[in-house]
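A closer look at the structure
The chain contents come next:
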Amino acid sequence: MRLGVLDIGSNTGHLLVVDAHGGAAPLPASSHKQPLRLAEHLDEQGAVTPAGVDALTDFCASATRIAEDKGCEEMLGFATSAVRDAVNSDEVLAHVEQHTGVALEVLSGEDEARLTFLAVRRWFGWSAGRLAVFDIGGGSLEIAGGTDEGPDVAWSLPLGAARMARSWFGGGRPSEEAVRDLRRQVRAEIARDAGHLLRPGVPDTAAATSKTFRSLARICGAAPSGEGPLVPRSLELETLSGWIPKLMEMDDAELAALPGVSSSRTHQIVPGALVAEACMDIFDLPALQICPWALREGVILERLDQISVVTRQR
């Protein structure tokens, strides 16, 4: 069947159209995305601004038309941290549904972590053993770990790259003292519940997914996306730590010239790098394998599993 997956993230709205059936990898057929930057379209009270609501509504309307044109039988729409945490979340969702007919499901942070873990598990397979997964989004950081397809532990922290950029870097380049404060707070936040993942022992495989991790890996020497998803890619802690002081000295033009960095996300690179370094350091991981599958694929895979169950019961 042909499915449309409408992912309303804190940075980007993304419609992914896939051909999918049980027992096979989802095959991308079409992709449509637009920078929404909802995590940065928040007022002082934490509400999505009218401009943000209009951008989201317009994107959902265009995505619906594209999904229909591409022959999608079903569209799965979901929103993550920026909409979930907004004080006017219900009003935003009602506005989108009223004007587009799209009913977005708001995923909890734990569900984000769980579904991302499912995608990464399916990508690496059972040979990955005990698996740890990290995902830096625009609004939140998800961490999950376990030995099965469902994680034993999964949680979410408000440490997304866009959120951090808005809170700490909104006024321009912060001072060294401000960066030290940020680094200390990030590490304390991650370390608070680190025992959930560490208690069962060192993971056999540690993996990362999301645009932030992919960009950092590319900066640190990983193969470009043009070489295909099957090429192994990793992010090494030592290399990343060596890059962070350089990244902090670069202006937007210099950051945008780096491999894997889009001009719309230059302001998120340094906060994202600080969060990534903290994850690897606190969990004593010298490297992370980069997985091309993430939350969208997890949503697709769970839906295919549900369809397969219903089909077998008939």
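For every chain, the first residue of the written sequence is number 1, and numbering continues from 1 along that sequence. The model is predicted, so local features are restricted to residues of pLDDT at least 70 and side-chain atom pairs to those at 80 or more, both for listing and for counting; the totals for chains, interfaces and linings are taken over all residues. Calculated side-chain values reflect all of the structure's heavy atoms, with hydrogen atoms and water omitted.

On to the overall build of the protein chain. Scanning the protein chain from N- to C-terminus turns up twelve helices and eleven strands. Computation of the radius of gyration draws on C-alpha atoms, with the globule rule given as 2.2 Å multiplied by the number of residues to the power 0.38. Taking 314 residues into account, the globule formula puts the C-alpha radius of gyration at 20 Å, and the protein chain, at 19 Å, falls close to it. Taken along the three principal axes of its C-alpha coordinates, the protein chain extends 60 × 45 × 35 Å. Buried positions account for 49% of the 314 residues belonging to the protein chain. Should any heavy atoms of two residues lie within 4.5 Å, those residues are counted as being in contact. Look at the contacts in the protein chain between residues 6 or more apart in sequence, and 68% of them connect residues 24 or more apart. Only four residue types enter the tally: Lys and Arg on the positive side, Asp and Glu on the negative side; His and the chain ends are excluded. The atoms used to mark charge sites are NZ of Lys, CZ of Arg, CG of Asp and CD of Glu. Placing the 29 positive and 43 negative side-chain charges of the protein chain at their respective mean positions leaves the two points 3 Å apart. Strands here are runs of E lasting at least two residues and helices are runs of H or I lasting at least four, both read from the DSSP assignment and numbered beginning at the N terminus. Relative accessibility under 20% of the residue-type maximum defines a buried residue, over 50% an exposed one, and the middle range a partly exposed one, all with a 1.4 Å probe and only protein chains included.

What helix 8 (residues 211–219) keeps buried is the set Thr212, Phe213, Ser215, Leu216, Ala217 and Ile219. Phi for Gly221, located one or two positions after helix 8, is positive at around 110 degrees.

A separate point is the pairing of strand 8 (residues 153–157). Regular strands have side chains that alternate between both faces of the sheet. Alignment of strand 7 (residues 141–146) against strand 8, held across five bridges, turns out to be antiparallel. From the neighbouring strand, Ile143 faces strand 8, where its bridge partner is Trp155. The antiparallel hairpin formed by strand 7 and strand 8 contains six residues in its connecting segment. A strand pair is defined by DSSP finding two or more bridges across the two strands.

Let us look at the sheet that holds strand 3 (residues 27–35). Reading across from one edge, 3-2-1-4-5 is the order of the five strands in this open sheet, with mixed pairing throughout. The open sheet terminates on both sides in strands that have one partner only, identified here as strand 3 and strand 5 (105–106). For strand 1 (residues 2–8) and strand 2 (residues 12–19), the ladder comprises seven bridges, and the chain directions are antiparallel. Across the sheet, Gly4 pairs through a bridge with Val17, a residue of strand 2.

Moving on, we get to the packing of aromatic side chains. Any two of the Phe, Tyr and Trp rings considered here, Trp counted by its six-membered ring, make a pair once their centres fall within 6.5 Å; the pair's planes then place it as stacked at under 30 degrees, edge-to-face at over 60, or tilted in between. One pass over the full model with this rule turns up two aromatic pairs. Taken together, a centroid distance of 5.4 Å and an interplanar angle of 55 degrees make the contact between Phe134 and Phe283 tilted. Taken as a pair, Phe134 in strand 6 (residues 131–136) and Phe283 in the loop between helix 11 (269–282) and strand 11 (287–290) lie far apart in primary sequence, 149 residues in all. As far as the burial class goes, Phe134 and Phe283 line up, both buried. Only Lys NZ and Arg CZ are tested; either one counts as a charge over a ring when it is within 6 Å of the ring centre and within 35 degrees of the ring normal. For the cation-ring pair, Lys246 lies above Trp243, with the distance from its terminal atom to the ring centre recorded as 4.9 Å.

The subject of this paragraph is the sheet that holds strand 6. Strands belonging to one sheet form pairs held by backbone hydrogen bonds; the direction of such a pair is parallel or antiparallel. Spatial strand order, 8-7-6-9-11-10: six strands in an open sheet with mixed pairing. Looking at which strands have only one partner, the edges of the open sheet turn out to be strand 8 and strand 10 (234–236). Strand-to-strand, the axes of this sheet are offset by a mean angle of 25 degrees, without reference to chain direction. In terms of strand pairing, strand 9 (residues 205–209) meets strand 11 through two bridges, oriented parallel. In the strand pairing of strand 11, Ala207 is matched with Gln289. What counts as an axis is a line fitted to C-alpha atoms, over the stretch in contact for a helix, and the angles between N-to-C directions run from 0 to 180 degrees.

A few words now on unusual backbone geometry. Despite not being glycine, Arg37 shows a phi value in the positive range, around 50 degrees. For Arg37, a relative accessible area of 30% corresponds to the partly exposed category.

Bridge count for strand 1 against strand 4 (residues 74–79) is six bridges, and the pairing is parallel. Across the sheet, the residue bridging to Gly4 is Met75, located in strand 4. Pairing analysis gives two bridges linking strand 4 to strand 5, with the strands arranged parallel. By the bridge assignment for strand 5, Phe78 is matched with Glu105.

Before going further, it helps to spend a moment on the nonpolar core. To form a nonpolar core, buried Ala, Val, Leu, Ile, Met, Phe, Trp, Tyr and Cys residues must be joined to one another through side-chain atoms within 4.5 Å. Counting 48 residues, the largest nonpolar core has Phe134, Ile190 and Leu247 as the members making the most contacts within it. Broken down by element, the residue count for this core peaks at nine residues, all from helix 11. The residues touching Phe134, leaving out its near neighbours within four places in the chain, are Glu142, Ile143, Leu197, Ala207, Ala208, Thr209, Phe213, Cys279, Phe283, Leu285 and Leu288. Core analysis: the second largest hydrophobic core is formed by 23 residues, Leu15, Val53, Ala79 and Val102 among them.

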